Amino acid sequence: MNEVPWWSSETLWRKTAIWVTAFMAVVLIVLTFDTVRQITAGGERVPAYNVINQKIFYEVNSDRGYQVPRIGETSALFGNELNEADAEALVTLGKLTVQAKNCMNCHTLLGNGAYYAPDLTKAWLDPGWVNEDLREQLMVQFLMDPENNARTFGTGRRMPNLGITEKEAHGIVAFLKWMSSIDTNGFPRGFKPLEQEDGA
Amino acid sequence: MSTSTVNVPVASPLTAGQRIAMHYFIAAMVLFLAQILFGMISGLQYLMPDVFYNQLDFNVTRMVHINAMIVWLLFGFIGSVYWLVEDEAKTELVGAKLALINFWILTTAVAVVVVVYLFVQVGPGELKSIWLINEGREYIEAPRWADIGIVVCVLVFFYNIAATFMKGTWSGISGVLVLDLVALAGIYCAGMYFTPNISVDQHWWWWVIHLWVEATWEVLVGCIMAWGLIQTLGASRKVVTTWLYIEVALMFGSGILGLGHHYFWIGTPEYWLSIGGFFSALEPIPLVAMVVHAVYDSGRHGFKSANHPALAWLIAHAFGNFFGAGVWGFMHTLPQINLYTHGTQWTASHGHLAFFGAYATINIAMIYIALQRVRGNVWMSGGLSDNGWKWKWSLGLLNGGVVGMTVALLIAGYDQSFVERALEGSTWSGYFQAQQSAWFMQAMNWRMVFGCMTTVGILLMFWDMLTIGTSETRGKQALAPLPE
Amino acid sequence: MGDPIGLQDLFFGTMAGAGVVLSGALYALFFALTRLHGSRAMNIASLAAYLLLIISVFVMANALALSGFWILVSAVMLIGYFLLPRAIWHLCVGTHAAEAAATHSRATQ
Ligand code: HEM
Ligand code: HEM
Ligand SMILES: [Fe+2]
């Protein structure tokens, strides 16, 4: 009765703790290698940055049972077709601006961030931009002067003026277009994109 | 030994480590106040979006709210470790002077960061902004210079702790503690580089956030609790140590791969749906295990404590951890549900209950343990001169306030996932429709009502902390040794 | 990952999810109290809690239209929450034997 049975001894549990932790850590590291490979830009799930030269459709994939992005024909952003390096530079400018302006403390990106303003994951495809021809210009205008271009849908919540320059606005739009091409396993659910000309 | 001799307080001067700890505790409470102040402003901006528009916008107030939280909780942990290290190592702190300098450098850095947040706010889209102003990544917004400074300060802290154990004696608890601190600091480095790739960015960002709160912080708290149990209840070291190992096995066994519940929708592969769902379904296990163990212990020797406020806050911690992490966490963790709730007020509901319930509570408990000693080992059991109304009311107001906010946010979260996700196709207009629906707006009002309650609770708690035991003439209640 | 779910399903799914953890913990609590006091009332309460757990798991699986792998996860929860309190109680008794042993040896020295 007073003997500590082997299965509850301190040594056994010390070893168990170490082995369980080590095992889980190793599994995580192995998975991390595979995951990072799969999410590096240029792969199946996360397209290369020059995807901004193309049209991005968002459609139901019947095998997977939810919507996924599909890359379409050429449709250069702001009318300039960029090589991979320039495309990456533009998206990088966009991402840097998104961080420097602290967008994520109002918005969510890929569903992470703050809940004061709409999710930006598929912002490029949002029906709010009226149609595909007006979209780019409206986005740039909005970013540079949100105070006067706000569409608050009656909530009174306007985006503040963050001093975004035209160049930065172009970068942000490129970043948002590229982000909308990421395969997010169907998030956000049941998203209704803006009218997509020429689906096939 | 009699159970409750009314004796005179036997004051003893604080040790070097304990004096350092008090510095951290005081700074932590100041930051807690800042957290609440800016939380209230953020909440108000939901109701009145024009408040401080273009001056102190929501992204700034919210950033200060959550950053102040992260920093005060870390300060509380560091303070707690300084508080217990000498007792556990059975020797004096190795570098008391160094620890003090380190504290002031860290605190000054935090102050500078906050001033820059408030007065510079945002910068141009250049790396320079990320190095000097803010990194724009939730919870780890601190600019890169501060990141590096934090790591250096943590290394100095770490040196001090490890060296003290090395000079004195090691124990099971200190072994786990030191290894856990290494992991905690190492993981922070995963959040320190820039990439244009938002998927890669969020992938590593979750390493920091998830592996902190659901793995390393839980174990750190486990170490502090283990020490606390030996100290305050006189529990057997061998038994407590064995249970710490069991807890580590359960926490890391479920929590490390539980990381997968953040990899459903950020571009990461589909296998994470299964892995994340499965392992986060296991995450309540350690919490349920604690229920059984607590019953077992209470049956053996009951819960007696010479420090009622601390014990009450420890109980609040047990419940808060169970409900905030276990119940609220599991509720939205399966991908079938998370598809609707991801990134809604639902997440905020869980975030508030879990951070407050699991981590704010235990830090407050540690501060009460420290205060008893600071006031000269005075009586803090039942029958305080003012009947202990301040600590009792502040406990009730604070916990009631946070629970109230949590429920309000849960209702808002339901409404948001229904309207925005299920009905409106997750568009911008869908988002705004949800924000304007009656239930949602009501919930936002109630969040502020309960926010006020929380604020009153905190102010009362500070008053209590400043006064408790100051005019007490009785010594700390002596507890009978544990019956066998 | 199964079919999209509807409005009430989201409500029932999340509530039942909370129910799983709550009833699992209640079961653990009453189970431990039964072991401690050997009272019949506690025993009945623990059975009731477990029944609630079964219901919660079923409601959840139904509301979320779980299938395949996710049925397996549900089964693991049912079995796991049944075995866990037993295992932990066992460990409590086992580990605390050390305490008893320590007192014993002190007494005999
Ligand atoms: C004390 C422990 C915990 C703390 C402090 C905590 C805190 C948080 C916070 C603050 C977030 C929001 C992060 C953001 O801003 O995006 C979050 C998200 C999440 N937590 Fe926890 N959590 C804890 C434990 C758990 C547990 C045990 C589970 C599961 C059983 C869980 C499941 C989740 C999930 C699924 C999300 C993602 C929500 C979303 O999709 O938006 N958490 N947690
Ligand atoms: C007076 C009380 C408080 C008020 C009014 C308040 C208000 C807020 C608001 C408005 C947000 C932003 C949510 C959004 O993005 O929409 C927030 C976020 C947050 N607050 Fe509080 N808060 C309070 C107290 C606390 C406490 C006591 C804690 C924890 C100790 C806490 C932890 C958090 C966390 C972790 C987040 C981020 C949640 C997420 O991203 O999911 N807050 N709070
Ligand atoms: Fe997590």
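Residues numbered from 1 in each chain as written. Chains lettered and ligands numbered in written order. Predicted model: local features only at pLDDT ≥ 70, side-chain atom pairs only at ≥ 80, totals over all residues. Heavy atoms only, no water.

1. Overview of the overall build of chain B
- The helix and strand tally for chain B stands at 16 helices and zero strands.
- Relative to its length of 484 residues, chain B is compact, with a C-alpha radius of gyration of 23 Å against a globular reference of 23 Å.
- Referenced to the eigenvectors of the C-alpha coordinate spread, the extents of chain B come out at roughly 70 × 45 × 45 Å.
- Considering only contacts within chain B whose residues lie at least 6 apart along the sequence, 82% involve residues at least 24 apart.
- Counting every atom, chain B has about 16200 Å² of accessible surface; 73% of that belongs to carbon and sulfur. (Helix = DSSP H or I, 4+ residues; strand = E, 2+ residues; numbered from the N terminus. Rg over C-alpha atoms; globule rule 2.2 N^0.38 Å. Contact = heavy atoms within 4.5 Å. Areas by Shrake-Rupley, 256 points an atom, 1.4 Å probe, with all protein chains shown as cover.)

2. Re the environment of Arg-19 of chain B
- As for its position among the elements, Arg-19 of chain B is in helix α1 (residues 16–47).
- Each C-alpha atom, one on Arg-19 of chain B and one on Ile-173 of chain B, is 22 Å from the other, the two residues being 154 residues apart in sequence.

3. Some thoughts on the interface of chain A and chain B
- Between chain A and chain B, the contact holds 86 residues from the first and 87 residues from the second.
- Taken together, both faces of the contact between chain A and chain B bury some 7500 Å²; the carbon and sulfur share is 62%.
- Run the count over chain A and chain B and you get four salt bridges.
- Note that Asp-50 of chain B is salt-bridged to Arg-158 of chain A, the shortest N-O span being 2.9 Å.
- Taken together, the links from chain A to chain B amount to 40 residue pairs in polar contact (both at pLDDT 80 or more).
- Residue assignment for the side of chain A that touches chain B shows that the elements contributing at least two residues are α1 (10–39), α2 (84–100), β3 (108–109), β4 (112–113) and α5 (166–180) of chain A.
- A total of 18 residues in the side of chain A that touches chain B trace back to one element, the largest contributor, which is α1 of chain A. (Buried area = accessible area lost by both parts, 1.4 Å probe. Salt bridge = Lys/Arg side-chain N within 4 Å of Asp/Glu carboxyl O. Polar contact = N/O pair within 3.5 Å; in protein donor to acceptor, adjacent residues only side chain to side chain.)

4. Here's the deal with the coordination of the iron ion (ligand 3)
Residue and element names in this part refer to chain B.
- Those protein atoms acting as donors to the iron ion (ligand 3) are His-210 (ND1), Glu-214 (OE), His-261 (NE2) and His-262 (NE2), and they sit at 2.0 to 2.2 Å.
- Considering all four donor atoms around the iron ion (ligand 3), angles at the metal cover 83 to 152° and the coordination shape is irregular.
- Of note, the donors binding the iron ion (ligand 3) are all from one chain and are spaced H-x3-E-x46-H-H.
- A separation of 4.2 Å is found between the iron ion (ligand 3) and the iron atom of ligand 1. Taken together, the positions of Glu-214 in helix α7 (residues 198–233) and His-262 in the loop between α8 (237–258) and α9 (271–282) put the pair 48 residues apart, joining distant regions of the chain. Across the pair, exposure class does not vary: Glu-214 and His-262 are buried alike. (Donors = N, O, S within 2.8 Å, 3.2 Å for Na, K, Ca; no water. Tetrahedral: all angles 85-135°; square planar, octahedral: opposite > 155°, others 65-115°. Buried < 20%, exposed > 50% of the residue type's maximum accessible area, 1.4 Å probe, protein only.)

5. Focus on the coordination of the iron atom of ligand 2
Residue and element names in this part refer to chain B.
- Ligation of the iron atom of ligand 2 by protein atoms is provided by His-65 (NE2) and His-352 (NE2), these donors lying 2.0 Å from the ion.
- Taken together, the six donor atoms surrounding the iron atom of ligand 2 define angles of 87 to 179° at the centre, an arrangement classified as octahedral. Residue His-65 is located in helix α2 (residues 58–89), and its partner His-352 is located in helix α13 (residues 345–374); the two are separated by 287 residues in the primary sequence.
- When its relative accessible area of 14% is taken as the criterion, His-65 is described as buried.
- Judged by its relative accessible area of 27%, His-352 is partly exposed.

6. Describing the site of ligand 1
- Around ligand 1 lies a shell of 27 residues, among which Glu-138, Asn-338, His-342, Thr-347 and His-350 of chain B are the nearest.
- Two or more chains meet at ligand 1, and those chains are chains A and B.
- At 2.9 Å from an oxygen atom of ligand 1 is found a side-chain nitrogen or oxygen belonging to Tyr-139 of chain B.
- Take Gly-343 of chain B: an N or O atom from its main chain is 2.9 Å from an oxygen atom of ligand 1.
- When residues in the shell around ligand 1 are grouped by element, the largest group, seven residues, is from α13 of chain B.
- When its residues are assigned to classes, the shell around ligand 1 shows ten nonpolar, 13 polar and four charged. (Near = heavy atom within 4 Å. Nonpolar A, V, L, I, M, F, W, Y, C, P; charged D, E, K, R; others polar.)

7. Regarding the site of ligand 2
- Around ligand 2 sit 27 residues in total, of which Tyr-115 of chain A together with Tyr-46, Arg-62, His-65 and His-352 of chain B are the nearest.
- Each of chains A and B places residues next to ligand 2.
- Between ligand 2 and His-65 of chain B there is a distance of 2.7 Å, counted from a nitrogen atom to a side-chain nitrogen or oxygen.
- Note that an oxygen atom of ligand 2 is positioned 3.4 Å from one of the side-chain N or O atoms of Tyr-139 of chain B.
- With seven residues, α1 of chain B is the largest single contributor of residues to the shell around ligand 2.

8. A closer look at the packing of helix α14 (residues 389–423) of chain B against helix α16 (residues 438–467) of chain B
Residues and elements named next belong to chain B.
- Between α14 and α16, whose axes approach to 7 Å, the crossing angle comes to 160°. For the element pair α14 / α16, the angle class is roughly antiparallel. Relative to α16, α14 is oriented so that their crossing is left-handed.
- Tallied by class, the residues present in the contact of α14 with α16 amount to 23 nonpolar, ten polar and four charged. (Axes fitted to C-alpha atoms, helices over the stretch in contact; angles between N-to-C directions. Parallel < 35°, antiparallel > 145°, perpendicular 65-115°, else oblique. Left-handed = near helix turned anticlockwise from the far one by under 90°.)

9. Describing the pattern of salt bridges
- Scanning the entire structure with this criterion turns up 18 salt bridges over all chains.
- The shortest N-O distance in the salt bridge between Lys-238 of chain B and Glu-10 of chain A comes to 3.3 Å. Placement of Lys-238 of chain B in helix α8 and of Glu-10 of chain A in helix α1 is noted, with the two residues assigned to different chains.
- Within this structure, Lys-95 of chain A together with Glu-135, Arg-137, Arg-144, Asp-147 and Asp-201 of chain B form a network of salt bridges that share partners.

10. Things to note about α7 of chain B
Residue and element names in this part refer to chain B.
- With 36 residues, α7 extends 49 Å from end C-alpha to end C-alpha; this agrees with the ideal 52 Å at 1.5 Å per step.
- Within α7, 32 of the 36 residues are buried, which leaves it mostly tucked inside the rest of the structure.
- At the N-terminal end of α7, a side-chain oxygen is found 2.9 Å from the backbone nitrogen of Ser-199, two or three residues along, and the residue is Asn-197.
- Positive backbone phi, approximately 65°, marks Gly-234, located one or two places after α7. (Expected span 1.5 Å × (residues − 1).)

11. Examining unusual backbone geometry
All names here are of chain A.
- The omega angle of the peptide bond from Phe-187 to Pro-188 is -10°, so this bond is cis rather than trans.
- Mapped onto the elements, Pro-188 comes out in the segment after α5.
- Its identity is not glycine, yet Phe-153 carries a phi of approximately 50°, on the positive side.
- Within the secondary structure layout, Phe-153 lies in the loop between α4 (146–149) and α5.

12. What to know about the environment of Gly-125 of chain B
All names here are of chain B.
- Along the chain, Gly-125 turns up in the loop between α3 (96–119) and α4 (127–132).
- You can call Gly-125 buried: its relative accessible area is 6%.
- Through-space distance from the C-alpha of Gly-125 to that of Trp-104 is 32 Å; in sequence the pair is 21 residues apart.

13. Side note on the domain arrangement of chain A
- For chain A, the assigned domains read domain 1 (11–39) and domain 2 (49–180).
- Relative to domain 2 of chain A, the C-alpha centre of domain 1 of chain A lies at a distance of 37 Å. (Domains from an automatic or database assignment.)

14. Some points on the side chain of Ser-171 of chain B
Residues and elements named next belong to chain B.
- Assignment of secondary structure puts Ser-171 in the loop between α5 (144–167) and α6 (172–188).
- Among the residues examined, Ser-171 registers a relative accessible area of 17% and is labelled buried.
- The residues contacting Ser-171, other than those within four sequence positions of it, are Glu-88 and Arg-237.

15. Looking at the packing of aromatic side chains
- Tallied over the entire structure, the rule returns 49 aromatic pairs over all chains.
- For the ring pair Tyr-296 of chain B and Trp-89 of chain C, a centre distance of 5.0 Å and an interplane angle of 80° mean the geometry is edge-to-face. Linking Tyr-296 of chain B in helix α10 (residues 285–301) with Trp-89 of chain C in helix α3 (residues 69–108), this pair reaches from one chain into another. With respect to class, Tyr-296 of chain B is no different from Trp-89 of chain C; both count as buried.
- Aromatic rings pair up to connect Phe-77, Tyr-139, Tyr-188, Trp-205, Trp-206, Trp-212, Trp-217, Phe-355 and Tyr-359 of chain B into one cluster.
- A cation over an aromatic ring shows up here: Arg-86 of chain C above the ring of Phe-82 of chain C, its NZ or CZ 4.0 Å from the ring centre. (Phe/Tyr/Trp six-rings, centres within 6.5 Å; stacked < 30°, edge-to-face > 60°. Lys NZ or Arg CZ within 6 Å of the ring centre and 35° of its normal.)

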